[in-house]
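# Per-entry structural report
Spelled out from the first residue to the last, the chains are:
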Amino acid sequence: MGGRRAAGSLPGAAARASGFTGPPAKKRNLELMLTVFAVAICGFADASVELAINDKLPGSFATTVGGLAVLALLSHLVVRQWAAYADPLILPISVLLTGLGLTLIHRLDEATVKQNPHNVTMASGQIMWTVIAVAVFAGFVIWVKHHRVLQRYTYLVMAVSLVMLVAPAFFSGDSYGARRWIRLGPLSFQPGEFTKLAIIVFFASYLMANRDALALVGRKIMGISLPRGRNMGPVLVIWAVSLVVLVAESDLGTSMIFFGAFVVMLYIATERTGWLVLGCAMALAGAVAAGTLVSHVAYRVNNWLDPMDYYTHVVNGKPPLGSSPQLAQSLFALANGGFTGAGLGMGHSILIGFASRSDWILATVGEEMGSAGLMAVLLLYMLLAQRGMRTAIRLSDPFGKLLASGLAATLIIQVFVVSGGVIGLIPQTGKALPFLAQGGSSTVANWIMVALLIKLSDAAGQSELTVPQDPAETLTISAEEIAAARAEFGAA
């Protein structure tokens, strides 16, 4: 008979089932190759833009691509050293999306300067924020030893998050109608981008502690098991906070992401369809109320229902009050792109206005990269979310499972509300598209999310090595140990 298997070893069958088939170096080498490939794609895209607009590569081209390569390599080295068991796809996908975003912002800057040499450009500021975001990412991966450390500060984080969530209501609204910014002199930031991450941490901790009570069934209506009335308090509170954000700040996007993430995590924690039905009904009621009572939201609903209203109902040379040409121009850009696209640097999406600073940058993707490129970008988001959900499945602790699934769900909800608004599927929300759109707060928050997913997947990889997968395999006793036990009992 064989001897006892080492506690830290992973049986062959269990290793294949878990997806871990080799030492962590193999994962990191795969990550390195994919990261280099992502940088190469971004370099090729930037070269295409320069050749299309200027017919030559500028002297700063090598510096720009080299800088992105250095940031990507440093990120990889941090992960290799401090998160060796992490998923090898999360970092390359993030690098690719960030690099494409820098290329598109630079492309729109070129068109802006051609329109007016005095216009403010965005690419240099976005590069600076990308460097800061990667530095924050590295610090998080290095100093946060384990994701369960976040549980210690759950309620403190929640209290600060709620204050930050409603704080923009007391500041002047931005130039696009919604109050999303806190401005202190020359400094400004968008707290909603950070608040969504902190609130997900709180949701994960709260649902882990109360999932048994929330999973209890009250009544069945039309075959759907609805929760008990006494357990609906948390949902009503979150719904009320979402409506406050929606009404006081006219921020439809943050409200949808905030409430949607909670409902999805609640369903994952309890596996009760009734929570989804109740959440969707409450979201619909809130949307109808906001569309009726909040003028800014009502204008966006009207623009969604009739995108051409800005052009077709002009009176005395003025378009209707609250109408906007952006959705119509986005649809024109998408139609011009077709399936294969007009080519990077060859489109006219700059006519949308401030495209690089908002969700409308997706229209640039659709016009210049076509439907094929647009679907490729959306699939990158889907793949990143899938790695988050896969990490949730692999983790053994409930807090980690809910945190990973909540991050993945939030990413998908945000991409949905942004892309849905750009293509006319839902009213436009004004949220920034993760990684692609310009914005310092958004860039830093997105890379913090990547750091969280990296640490969660690293913990999942380590747990698969240290937790016995099959007691029948891991507790094999040698013949010598059996003989010694018989001799001991015989002597007794």
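## With respect to a nonpolar patch on the surface
A surface patch of nonpolar side chains, about 340 Å² in accessible area, is lined by Val 70, Leu 73, Leu 74 and Leu 77. Note on placement: Leu 77 falls in helix H3 (residues 61-82).

## What about the nonpolar core?
Note on soluble globular proteins: their nonpolar side chains tend to be buried together. Ranked by internal contacts, the top residues of the largest apolar core, which has 107 residues, are Phe 137, Tyr 381, Leu 403, Leu 407, Trp 447 and Ile 454. Of the residues forming this core, the biggest block, 13 residues, is contributed by helix H17 (residues 440-466). Those residues in contact with Leu 403 that lie beyond four places of it in its chain are Leu 150, Ile 200, Val 201, Ala 204 and Leu 456.

## Some points on the confidence of the model for the chain
Summarising the model, the chain shows a mean pLDDT of 79, and 77% of its residues fall at 70 or more. Per-element confidence in the chain ranges from a low mean pLDDT of 39 for helix H1 (residues 12-18) to a high of 95 for helix H15 (residues 370-394). Low pLDDT, under 50, characterises residues 1-21; the predicted model gives this stretch 39 contacts beyond four residues in sequence or across chains.

## Digging into the packing of helix H13 (residues 326-337) against helix H16 (residues 398-423)
Two quantities define a packed helix pair, namely the angle between the axes and the distance from one axis to the other. H16 packs onto H13 with a crossing angle of 85 degrees between their chain directions and a minimal axis gap of 8 Å. Relative to H16, H13 is oriented roughly perpendicular. In this structure, H13 contributes Leu 327, Ser 330, Leu 331 and Leu 334 to the contact, and H16 contributes Gly 421, Val 422 and Ile 423. Grouping the constituent residues of the contact of H13 with H16 by class yields five nonpolar, two polar and no charged.

## A closer look at unusual backbone geometry
With a phi angle near 65 degrees, Asp 55 is a residue other than glycine that sits in the positive phi range. Tracing the chain through its elements places Asp 55 in the loop between helix H2 (24-54) and H3. Of note in the backbone geometry, Phe 435 takes a positive phi value of approximately 75 degrees without being a glycine. Mapping Phe 435 onto the fold places it in the loop between H16 and H17. We classify Phe 435 as buried; its relative accessible area is 6%.

## Quick word on the packing of H2 against H3
H3 packs onto H2 with a crossing angle of 160 degrees between their chain directions and a minimal axis gap of 10 Å. Classified by the interaxial angle, the pair formed by H2 and H3 is roughly antiparallel. Two packed elements cross with a definite hand, and for H2 against H3 that hand is right-handed. Facing Arg 28, Asn 29, Glu 31, Leu 32, Thr 35, Val 39, Cys 42, Gly 43, Asp 46 and Ala 47 of H2, the residues of H3 in contact are Phe 61, Thr 64, Val 65, Leu 68, Ala 69, Ala 72, Leu 73, His 76, Val 79 and Arg 80. Here the residues of the contact of H2 with H3 sort into 11 nonpolar, five polar and four charged.

## Description of the packing of aromatic side chains
Evaluated as defined, the whole model comprises four aromatic pairs. Judged by centre distance (5.3 Å) and plane angle (80 degrees), the ring pair of Phe 137 and Trp 447 falls under edge-to-face. Within this pair, whereas Phe 137 is found in helix H5 (residues 123-143), its partner Trp 447 is found in helix H17, the two being separated by 310 residues in sequence. For the ring pair Phe 202 and Phe 203, a centre distance of 6.2 Å and an interplane angle of 55 degrees mean the geometry is tilted. A single burial state applies to Phe 202 and to Phe 203, both of which are buried.

## Thoughts on the pattern of salt bridges
Summed over all chains, the structure comprises seven salt bridges. As a salt-bridge pair, Arg 28 and Glu 31 come within 3.0 Å of each other at their nearest N and O atoms. Separated by three residues within a single helix, Arg 28 and Glu 31 lie in helix H2, roughly one turn from each other. Neither residue differs from the other here; Arg 28 and Glu 31 are each classed as buried. Across the pair Arg 148 and Asp 397 runs a salt bridge, and its minimum N-O distance is 3.8 Å. With Arg 148 in the loop between H5 and helix H6 (154-166) and Asp 397 in the loop between H15 and H16, this pair connects stretches of sequence that are 249 residues apart. For Asp 397, a relative accessible area of 10% puts it in the buried group. Linked by salt bridges that have partners in common, Asp 87, Arg 387 and Arg 390 make up one network.

Cut-offs used in this document
Residues numbered from 1 in each chain as written. Predicted model: local features only at pLDDT ≥ 70, side-chain atom pairs only at ≥ 80, totals over all residues. Heavy atoms only, no water. Patch = residues over 30% accessible without salt bridge, like charges linked within 9 Å, V, L, I, M, F, W, Y side chains within 5 Å. Areas by Shrake-Rupley, 256 points an atom, 1.4 Å probe, with all protein chains shown as cover. Salt bridge = Lys/Arg side-chain N within 4 Å of Asp/Glu carboxyl O. Helix = DSSP H or I, 4+ residues; strand = E, 2+ residues; numbered from the N terminus. Core = buried A, V, L, I, M, F, W, Y, C linked by side-chain atoms within 4.5 Å. Buried < 20%, exposed > 50% of the residue type's maximum accessible area, 1.4 Å probe, protein only. Contact = heavy atoms within 4.5 Å. pLDDT = per-residue confidence, 0-100. Axes fitted to C-alpha atoms, helices over the stretch in contact; angles between N-to-C directions. Parallel < 35°, antiparallel > 145°, perpendicular 65-115°, else oblique. Nonpolar A, V, L, I, M, F, W, Y, C, P; charged D, E, K, R; others polar. Left-handed = near helix turned anticlockwise from the far one by under 90°. Phe/Tyr/Trp six-rings, centres within 6.5 Å; stacked < 30°, edge-to-face > 60°.

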